Amino acid sequence: MDVNDLLAEAYGRLPDLVDSAVEGLRPEQLRQPPAPGANTVGWLVWHLTRIQDSGVADLLGAEQVWVSGDWAGRCGLTADPNDTGFGYTAEQVLAVRPESGRALVDYHRAVAERTGAYLRGLRPADLDRVVDENWDPPVTVGVRLVSLLEDDLQHAGQAAYARGLIERG
């Protein structure tokens, strides 16, 4: 297996995780924290998608999917490309108000399609390109892709767990 296939396989698992986290949940359940101050399923899925969208757009030197179309409006937000949810307070988490699970799934699928196309076009040497010299060692494309994936997988698991708590409510 080459590295493109490996990365595509790993990233390709995320859309199904997103689908299963939100499938069948009503909008109010997407917005309901499983405990006071906890992250909602909707916020977790929105945030993991924003992280991938922002990170891959940066690697591509392209505009984020978030600012093209009405993705922000469908989540009750503005299309600020700098807003990925990092450092959100409990109140800010509650301000992420997806209109439906479909809105989150559609946004994630649009991001996943672009990520997949990017991964299929990578050459092995591309993975060694330095994208952030503020770290020691500097961050390469390969390291950034692994970091984005790790963050997304953690949040997908958290969303599944939060869903279980809400359904048991």
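Let me begin by describing the structure that accompanies this report. (Residues numbered from 1 in each chain as written. Predicted model: local features only at pLDDT ≥ 70, side-chain atom pairs only at ≥ 80, totals over all residues. Heavy atoms only, no water.)

### Let's talk about the overall build of the protein chain
To be explicit about the condition: Strands are runs of DSSP state E lasting at least two residues, helices are runs of H or I lasting at least four, and both sets are numbered from the N terminus onward. Each radius of gyration reported is based on C-alpha atoms, and the globular scaling rule is 2.2 Å times the count of residues to the power 0.38. Residue burial is assigned from relative accessible area. The probe radius is 1.4 Å, only protein chains are included, and a residue is buried under 20% of its type maximum, exposed over 50%, and partly exposed in between. Here, two residues are considered to be in contact whenever any of their heavy atoms come within 4.5 Å of each other. Calculation of accessible area relied on Shrake-Rupley with a 1.4 Å probe; when residues are assessed, cover is drawn exclusively from the protein chains displayed. Counted as positive: Lys and Arg. Counted as negative: Asp and Glu. His and the chain ends are not counted at all. Charge positions come from single atoms, namely NZ of Lys, CZ of Arg, CG of Asp or CD of Glu.
Of the regular secondary structure elements, the protein chain holds eight helices and two strands. For the protein chain, the sequential pattern of α-helices and β-strands runs α-α-α-α-α-α-α-β-β-α. Over its C-alpha atoms the protein chain spans a radius of gyration of 16 Å, differing by no more than 12% from the 15 Å that the globule rule assigns to 169 residues. Overall, the protein chain is about 50 × 30 × 30 Å in size when its C-alpha atoms are taken along their principal axes. Counting across all 169 residues of the protein chain, residues that qualify as buried make up 47%. Put simply, 70% of the contacts in the protein chain that link residues at least 6 apart link residues at least 24 apart. Total accessible area on the protein chain is roughly 8700 Å²; 52% of this is exposed by carbon and sulfur atoms. Positive and negative side-chain charges in the protein chain, numbering 15 and 26 respectively, have mean positions lying 6 Å apart.

### Quick look at unusual backbone geometry
For the bond from Asp-136 to Pro-137, the omega torsion is 5°, close enough to zero to count as cis. Summarising the element assignment, Pro-137 is placed in the loop between strand S1 (130–132) and strand S2 (139–140).

### Digging into helix H1 (residues 3–12)
For the record, the criterion: By arc we mean the arc of the directions from the helix axis to the C-beta atoms, nothing more. Between N or O atoms, a polar contact is any pair within 3.5 Å; within protein, one atom must be a potential hydrogen donor and the other a potential acceptor, and residues adjacent in sequence are included only when both atoms are from side chains.
When we look at burial in H1, the residues that qualify are Asn-4, Leu-7 and Tyr-11. The buried side chains of H1 occupy one side of the element, clustering within an arc of 70° when seen end-on. Packing partners of the buried residues in H1 comprise helix H2 (14–22), helix H4 (41–60), helix H7 (101–121) and helix H8 (141–168). Measuring from the side-chain oxygen of the N-cap residue of H1 to the backbone nitrogen of Asn-4 gives 3.1 Å; that N-cap residue is Asp-2.

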